[in-house]
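Understanding the architecture of this molecule
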Amino acid sequence: MSESQATRRKALSATSTSTWKQCQLKFRLIYLDGFREPPNPVTTRGTLVHAVLEHIYDYQAGMRNLETAKSLTAAQYQEMFAKDPEFQAMFTEESALNQWLAEVNSLVESYFQMENPQRLEPYARELLVDAETSSGIAIRGFIDRIDKAPNGAIRIVDYKTGKSPRPQYMEDKLHQMRFYSLLMRQAGRGVPARTQLVFLGDGKTLTFDPQPEQVDAFEHYLTQIWQQIEHACNTGNFYPRKQPLCNWCGVKEMCPVFGNTVPDIPEGAVEQLLTIHNAPA
Ligand code: SF4
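All values derive from a computational prediction rather than experimental measurement.

One can describe the packing of helix H5 (residues 66-83) onto helix H7 (residues 94-114) by two numbers: an axis separation of 11 Å at closest approach and a directional angle of 140 degrees. On the basis of their axis angle, the class for H5 and H7 is oblique. The crossing of H5 and H7 is right-handed. Contacts from Leu66, Ala69, Lys70, Thr73, Tyr77 and Phe81 of H5 reach H7 at Leu97, Trp100, Leu101, Val104, Asn105, Val108, Glu109 and Phe112. Residue composition of the contact of H5 with H7, by class: 10 nonpolar, two polar and two charged.

Laid out in structure tokens, this is it:
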């Protein structure tokens, strides 16, 4: 597959497949129709913290301290808000903005209590990985950080700005780690020895050491998810699923469960989504 095809072709991601399991209609509106959920303080806080934790490693080890991180936070915040008026519109009161910035700084401080970036030399940061499953389904993901041990063992690290999940939500987090394990293997980078979710909200780390048979099982599971999506594309039936997360759904104003009208699927959108399995010639 050429580079231009790789960027043109649609692909499943950990987030899109997790959205599919959460609600088929939400998946359709975002990944088929192309609606974008508007930024909100929680997602924007995550974007800013991720930018700081990526760029702290631009500095020499001795400079990777809290002081540098705080100046990076200020610079990244200025850059993000200067280029997108939607960010500015989120805060109409200065007190709310100051509270939000205090939360960002607290999450960055939490990171420094969990890891010492002066002792780490990431192999990669914010790495875009493209691959195909053995049955030809395109998969893609941005990996926050990859560490490589002297013996070549790989550790995938993903930062979360929320708290570690309660037991009933654990499966969703494992889904992401399994997805990344498959993605790395299929990209020819090897099955990671360890995957880690770092929850800055409560200072806890969730670790999963994937075994080859678990990666095989997940690949099979992902194929089943794709078959469900393909079936929905062919029938046009994407069912809404009312649940507590509806309160935070960014496409709720197009959801019939709440008395709203679902728009028609845009022309050509189904064909483009199906490139996930049928790569363009
Ligand atoms: S509001 Fe709920 S049911 Fe409707 S699309 Fe969003 S997640 Fe699905």
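In the region of the ligand, the neighbouring residues are Cys23, Lys26, Pro240, Arg241, Lys242, Gln243, Cys246, Cys249, Lys252, Cys255 and Phe258. In the shell around the ligand, the residues fall into six nonpolar, one polar and four charged.

This model, assessed by the stated rule, comprises 13 aromatic pairs. Both rings, one in Trp20 and one in Phe27, keep their centres 5.3 Å apart while their planes meet at 85 degrees; by these two values the pair is edge-to-face. Accessibility classification places Trp20 together with Phe27 in one group, the buried group. Both rings, one in Phe91 and one in Trp100, keep their centres 5.4 Å apart while their planes meet at 55 degrees; by these two values the pair is tilted. Trp100 sits in the buried class, given a relative accessible area of 3%. Within the aromatic cluster, the residues linked to one another by ring pairs are Tyr77, Phe81, Phe87, Phe91 and Trp100. The residue whose ring lies beneath Arg178 is Phe208, and the NZ or CZ to ring-centre distance is 5.9 Å.

What follows concerns the domain arrangement of the protein. When the domains of the protein are assigned, the result is domain 1 (3-35 + 233-276), domain 2 (41-119) and domain 3 (124-216). Each of domain 1 and domain 3 has a C-alpha centre, and these two points are 24 Å apart. Taken together, the contact pairs 11 residues of domain 1 with 12 residues of domain 3. Of the roughly 980 Å² buried where domain 1 meets domain 3, counting both sides, 50% is carbon and sulfur surface. The largest share of the area that domain 1 buries against domain 3 comes from Arg9, Leu12 and Ala14, three residues that together contribute 41% of it. Between the two partners, domain 1 and domain 3, sit one salt bridge. For Glu132, the salt bridge is made with Arg9, and the minimal N-O distance between the two is 2.7 Å. Inspection of the domain 1/domain 3 interface yields nine residue pairs in polar contact (both at pLDDT 80 or more). The leading source of residues in the side of domain 1 that touches domain 3 is helix H2 (residues 14-22), at four residues. For the side of domain 1 that touches domain 3, a count of residues per class yields five nonpolar, three polar and three charged.

Reading guide: rules and limits
- Residues numbered from 1 in each chain as written.
- Predicted model: local features only at pLDDT ≥ 70, side-chain atom pairs only at ≥ 80, totals over all residues.
- Heavy atoms only, no water.
- Axes fitted to C-alpha atoms, helices over the stretch in contact; angles between N-to-C directions.
- Helix = DSSP H or I, 4+ residues; strand = E, 2+ residues; numbered from the N terminus.
- Parallel < 35°, antiparallel > 145°, perpendicular 65-115°, else oblique.
- Left-handed = near helix turned anticlockwise from the far one by under 90°.
- Contact = heavy atoms within 4.5 Å.
- Nonpolar A, V, L, I, M, F, W, Y, C, P; charged D, E, K, R; others polar.
- Near = heavy atom within 4 Å.
- Phe/Tyr/Trp six-rings, centres within 6.5 Å; stacked < 30°, edge-to-face > 60°.
- Buried < 20%, exposed > 50% of the residue type's maximum accessible area, 1.4 Å probe, protein only.
- Lys NZ or Arg CZ within 6 Å of the ring centre and 35° of its normal.
- Domains from an automatic or database assignment.
- Buried area = accessible area lost by both parts, 1.4 Å probe.
- Salt bridge = Lys/Arg side-chain N within 4 Å of Asp/Glu carboxyl O.
- Polar contact = N/O pair within 3.5 Å; in protein donor to acceptor, adjacent residues only side chain to side chain.

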